[in-house]
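# Structural features, examined
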Amino acid sequence: MFKNNVGSGDRIIRILVGLLMIALVFVGPKTAWGWVGIIPLVTGLLGSCPAYSLFGINSCAK
């Protein structure tokens, strides 16, 4: 469906950042802004980023 354009290192960073941001909903400042972490989490898990596609970026190994 979507072309993979997120490399393995990029995916790991996105997943970790996403999980950390979501954790902010439950600990720390406990604000709803932590739910924004769903975006990097999903793009990391799927390996595809719509913004990368839009700008022609590809961090996958060649």
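Let me begin by describing the structure that accompanies this report. What you see is a predicted model, and the numbers here were worked out from it, not measured in a lab.

## Some remarks on the state of the cysteines
- The tally for this structure, following the rule as stated, stands at zero disulfides.
- Cys49 takes part in no disulfide bond, and the closest cysteine sulfur, belonging to Cys60, lies 11 Å away.
- Classification of Cys60 as partly exposed rests on a relative accessible area of 23%.

## Here we look at the packing of helix α1 (residues 8–26) against helix α2 (residues 38–46)
- Here α1 crosses α2 at 150°, and the two axes come no closer than 7 Å. Classified by the angle their axes make, α1 and α2 are roughly antiparallel. Considering the relative orientation of α1 and α2, their crossing is left-handed. Contacts between α1 and α2 involve Arg11, Arg14, Ile15, Gly18, Leu19, Met21 and Ile22 on the former and, on the latter, Ile38, Pro40, Leu41, Thr43, Gly44, Leu45 and Leu46.
- The residue inventory of the contact of α1 with α2, partitioned by class, reads nine nonpolar, three polar and two charged.

Conventions adopted
- Residues numbered from 1 in each chain as written.
- Predicted model: local features only at pLDDT ≥ 70, side-chain atom pairs only at ≥ 80, totals over all residues.
- Heavy atoms only, no water.
- Disulfide = S-S within 2.5 Å.
- Buried < 20%, exposed > 50% of the residue type's maximum accessible area, 1.4 Å probe, protein only.
- Axes fitted to C-alpha atoms, helices over the stretch in contact; angles between N-to-C directions.
- Helix = DSSP H or I, 4+ residues; strand = E, 2+ residues; numbered from the N terminus.
- Parallel < 35°, antiparallel > 145°, perpendicular 65-115°, else oblique.
- Left-handed = near helix turned anticlockwise from the far one by under 90°.
- Contact = heavy atoms within 4.5 Å.
- Nonpolar A, V, L, I, M, F, W, Y, C, P; charged D, E, K, R; others polar.

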